[in-house]
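Here are the chains, one letter per residue:
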Amino acid sequence: MLTPLRTIISKRRNMVSLSSKRDATTKDLLHRRIDWSIVKHPLAHKWTIILLLSVVLSLILSHRLPSYTYRHYLPSEIASQDVKAPQDCLVEDIPSTLSKQTKAAENVRAVYDFDLDILGSIERKLDNAFKVMSQGGGEADKTLLTNDAPAKENPAQLIGVEISGAALSVLKKKNFDPNILTYIYRILDTIFEQGVVGNRELLMSETDRGIVVTFFPTREETVIQDFSRFMDLAQARSRVKKEARLLIPSSERSLEKPVVEIADGLLRPNITFNKSETEERKIAAREAVKPVLFEIKKGEIIIREGEKVTAEHLLKLAKLRQLKSDQNPTVYRLGTMLMVFLILSIAFNFSGTEGLRNPQVKNKDLFFVGLMMILLTIMIRMGDVAPETNLRFLSERSIFFALPIAAGAIVVSVVLGLKQCLIFSVVISILSIMVLDYKIEYFLYPFIGSLIGAREAVYCNQRSTLLKAGLWVGLANILVILCLRVKLGDTPPIETLVGDAAMGFLSGILSGIIAAGFVPLIEVVFSYTTDIKLLELGNLNHPLLKDLILNAPGTYHHSIVTGSLVEAAAEAIGANQLLARVGAYYHDIGKMKTPLYFIENQEGVENRHDKLSPNMSSLILLSHVKEGIEKAREYKLGKVISDIIQQHHGTNLINYFYQKAKGKENPSEALVDEKDFRYPGPKPQNKEAALVMLGDAVEASSRILTDPTPARIQGLVQRTINNFFTDGQLDECELTLKDLHLIAKSFTRVLIGVFHHRIKYPGKSSVYSSLHKYKQHETLDQEFPKEGKNRLKNGEANRERDLRRLGMS
């Protein structure tokens, strides 16, 4: 009886517990703050942002819906109503275009190939054949021999020419003297140099236009219209006989027959018609012909009521149907949204090696870029619907030219970098032509201006750089406007051209001013670390650096010298100098929690690691990375600095304590795991983090040198960099071998400056006597430090102690 009762009570308690948990969960969900960094499906969130952005942009783009329909007329039919053009457009005159294409193809010159190397192949073959046939000749090239019959029994096949018995007997009598080849080569060289064609009649049909001769193997081309120099095979054979009579002396007249037969047999055309190349050039000429267009202006009467319909009318009406079709507004907006969604999907998937799957592409990046696109698209739309001005010096495009579209690219370049800005510039330029009638100038103008602004602002070391970027955008806008006017064939009055150029320059200046005011706002709202923010962090009066110099002065000095090293190296390899230097300043801030456990802060203090186990020492060394990340988060240094702190040791092994632990290892108790003595990583993901890793190790290692001569410093730098390279610590960054060479060279130069030699001062007695003569009552440093004398002697002993911080043996 008790058992069922206990069961019921237990179930009741479980129900109460579940109910309380459910209430707590509901309460927690109601009060939980939205955190973009904690999501179950980050990829789904990214696609949701893109979809919402597509919807908003499509609503902005599709404010003007098509509403025109045109009746389909037949030729010679009478028009029932007037038809006006709703907008400017161009109509292609197809018959005229085809006629121009045909004429362009007919004007293309035929292409002939002139083989300059034909005699070389003949010489190699004949030289080899005569060596084989001559008695006691040198060793022949076996690759040129035939495999059918022995060489001496088949001379015709070996030479490649049918030779008469009389000619062969002469050659055998002369024992295939190589001097005979001299006559053959001179004859053939004269003929081939003049040119031999296979079909002279086909060549002569090109007399009016001339031909293009391509010389092989140089690929040089020339146009020839005089064909009198060229011979066909019959003329060439006749020329062989004449040349043989002139070249061969009367004392060796018996050689004339074999020389002529061999030369005749080896003759072949060295100027051949290249049909495929000629056809390709004709196709290219047809494609290069611009369509013959006639312009229709907005409001122009296409056809009047009662007028007979002609072929020209039908062409114009067909063009108007392409421009405007009667559609459902919902379907039209849906099509626009799908097009924008496709463009954004492709663009954002080019933002990294893995596209949207790349964890480095954050939701806030998409939201920021989307917000910039929306603002710029609204601005372009407002410029499109603005009323036209009647001022003489302004054209219909002046308002568009004055829009500061490049401001968006400048801001994106400063915040996200040049690659993302390039994608942004392409997308915003496409959106601008979707707003403004799909004309080429509405793509090129914002695209080129955005690229110039982004390039000038990508390394923004001060806020005035943004204003300078705007100035360059203004100058680029002027050039683009002039080029577009020339390309489109516009010849506006000079005052209108000056007005458009002034609007373009004003656009650049406004872009720089807007970007300078907008970047700080973006830094605050989206928590980005730009170069301007890095300048603030690089101020040595920053509170965190002040704490570092008070709590860990050795680490502070080490960080400053490392900053100088990596800044010089970053300049050498084209990396971000500012990011590298500031990252070096903060890379060891985690040591402030336990400064006396790091060798640079232990001057005159007993080494605390002597009383610790190797595992405990390694934990203390490893913890400074985690502590540094927490400090960076506390002081809001930004993700880029936190990444450098996290990656500046990569997965490097603390070798000293690892070897010490291996020496104390007891197999019966527990084995020493190498993972316990490695930094958690990750390895450096960019050039700046890798530079900090290398500079950190090089600067610390340089303190061990007892006699820091330039040769020793260079050897130390090279060994340190090679150790990291062979350990695979640089596998995930973008450093090349050339970069590593430049880094080593830069590190060596800076360290030589740090450890430069000073001039030896006069002896102690003379210095003291002169000082006492003038300043007997002033307190002076009257003795040189004893530790300075002993440092060289104890260098070897200190080296082992210093390695404990480096993790090197």
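For the structure, check the block above.
As the structure is a computational prediction, the values presented were derived from the model and not from experiment. (Residues numbered from 1 in each chain as written. Predicted model: local features only at pLDDT ≥ 70, side-chain atom pairs only at ≥ 80, totals over all residues. Heavy atoms only, no water.)

(A) Structural context of the overall build of the chain. Each helix and strand in the chain was counted, giving 33 helices and eight strands. Considering the chain as a whole, with its 809 residues, one finds that 43% of them fall into the buried category. The contacts of the chain with a sequence gap of at least 6 include a subset with a gap of at least 24, amounting to 77%. Surface accessibility of the chain: about 45,400 Å² in total, with carbon and sulfur atoms responsible for 56%. (Helix = DSSP H or I, 4+ residues; strand = E, 2+ residues; numbered from the N terminus. Buried < 20%, exposed > 50% of the residue type's maximum accessible area, 1.4 Å probe, protein only. Contact = heavy atoms within 4.5 Å. Areas by Shrake-Rupley, 256 points an atom, 1.4 Å probe, with all protein chains shown as cover.)

(B) Quick peek at the packing of helix 4 (residues 118–133) against helix 7 (residues 179–194). The contact between helix 4 and helix 7 brings their axes to 11 Å, and the two run at 165°. The orientation of helix 4 relative to helix 7 falls into the category roughly antiparallel. Of the two possible hands of crossing, helix 4 and helix 7 adopt the one that is right-handed. Residues Ile118, Leu119, Ile122, Glu123, Leu126, Asp127 and Phe130 of helix 4 lie in contact with helix 7, whose contacting residues are Ile180, Leu181, Ile184, Tyr185, Leu188, Asp189 and Phe192. Residues belonging to the contact of helix 4 with helix 7 are distributed by class as follows: 11 nonpolar, no polar and three charged. (Axes fitted to C-alpha atoms, helices over the stretch in contact; angles between N-to-C directions. Parallel < 35°, antiparallel > 145°, perpendicular 65-115°, else oblique. Left-handed = near helix turned anticlockwise from the far one by under 90°. Nonpolar A, V, L, I, M, F, W, Y, C, P; charged D, E, K, R; others polar.)

(C) Quick look at the sheet that holds strand 5 (residues 220–224). Pairing is mixed across the open sheet formed by four strands, whose spatial order is 5-4-3-6. Looking at which strands have only one partner, the edges of the open sheet turn out to be strand 5 and strand 6 (271–273). The mean inter-strand angle of the sheet, taken between neighbouring strand axes irrespective of direction, is 30°. In terms of strand pairing, strand 3 (residues 110–115) meets strand 6 through three bridges, oriented antiparallel. Considered in strand 6, the bridge of Asp113 is made with Thr272. (Pairing = 2+ DSSP bridges.)

(D) Helix 22 (residues 543–551), seen in detail. Those residues of helix 22 not exposed but buried are Leu544, Leu545 and Leu548. All buried residues of helix 22 project into a common sector of 95° when viewed along the axis, lining one side. (Arc of directions from axis to C-beta.)

(E) Highlighting the pattern of salt bridges. This model, assessed by the stated rule, comprises 18 salt bridges. Note that Arg209 and Glu206 form a salt bridge whose closest N and O atoms lie 2.8 Å from each other. Among the salt bridges present, the one from Glu256 reaches Arg245, with a minimum N-O distance of 3.9 Å. Linking Glu256 in helix 10 (residues 256–266) with Arg245 in helix 9 (residues 233–247), this pair joins segments that are 11 residues apart in sequence. Using a relative accessible area of 48% as the deciding quantity, one classes Arg245 as partly exposed. Within this structure, Glu221, Glu277 and Arg281 form a network of salt bridges that share partners. (Salt bridge = Lys/Arg side-chain N within 4 Å of Asp/Glu carboxyl O.)

(F) Up close: the nonpolar core. Tyr586, Ile641, Ile743 and Phe747 are the most contacted members of the largest nonpolar core, which totals 66 residues. Take this core: its biggest share by element is eight residues, from helix 28 (residues 687–702). Once residues lying within four places of it in the same chain are set aside, the contact partners of Tyr586 are Leu537, His542, Leu544, Leu545, Leu637, Ile641 and Ile645. Formed by 62 residues, the second largest nonpolar core is a distinct cluster that contains Val411, Val414, Val473 and Ala515. (Core = buried A, V, L, I, M, F, W, Y, C linked by side-chain atoms within 4.5 Å.)

(G) Focus on a nonpolar patch on the surface. Together, Ile448, Ile452, Leu471, Trp472 and Leu475 make up an exposed nonpolar region whose accessible area comes to about 410 Å². When residues of the nonpolar patch are traced back to their parent elements, those giving at least two are helix 18 (441–457) and helix 19 (464–487). Take the nonpolar patch: its biggest share by element is three residues, from helix 19. Looking at where Ile448 falls in the secondary structure, it is placed in helix 18. (Patch = residues over 30% accessible without salt bridge, like charges linked within 9 Å, V, L, I, M, F, W, Y side chains within 5 Å.)

(H) Up close: helix 19. The end-to-end C-alpha separation of helix 19 is 35 Å, in line with the 34 Å expected for 24 residues at 1.5 Å each. The set of residues buried in helix 19 consists of Thr465, Leu466, Ala469, Gly470, Val473, Gly474, Ala476, Asn477, Val480, Ile481, Leu484 and Arg485. Looking at the packing, one finds that the buried side of helix 19 touches helix 15 (398–402), helix 16 (406–416), helix 18, helix 20 (494–526) and helix 21 (531–537). (Expected span 1.5 Å × (residues − 1).)

(I) A look at the packing of aromatic side chains. Overall, the coordinates contain 16 aromatic pairs when judged by the stated rule. Residues Phe367 and Phe526 carry aromatic rings whose centres are separated by 6.1 Å and whose planes lie at 50° to one another, so their mutual orientation is tilted. With Phe367 in helix 14 (residues 363–385) and Phe526 in helix 20, this pair connects stretches of sequence that are 159 residues apart. Between Tyr656 and Phe657, the aromatic rings sit 5.1 Å apart at their centres with planes inclined by 80°, giving edge-to-face as the arrangement. Accessibility expressed as a relative area gives 13% for Tyr656, which makes it buried. What makes Phe657 buried here is its relative accessible area of 0%. By way of ring pairs, the aromatic residues Phe367, Phe368, Phe526 and Tyr528 are connected into one cluster. Of note, Lys364 hangs over the ring of Tyr528, and the distance from its end group to the ring centre comes to 4.5 Å. (Phe/Tyr/Trp six-rings, centres within 6.5 Å; stacked < 30°, edge-to-face > 60°. Lys NZ or Arg CZ within 6 Å of the ring centre and 35° of its normal.)

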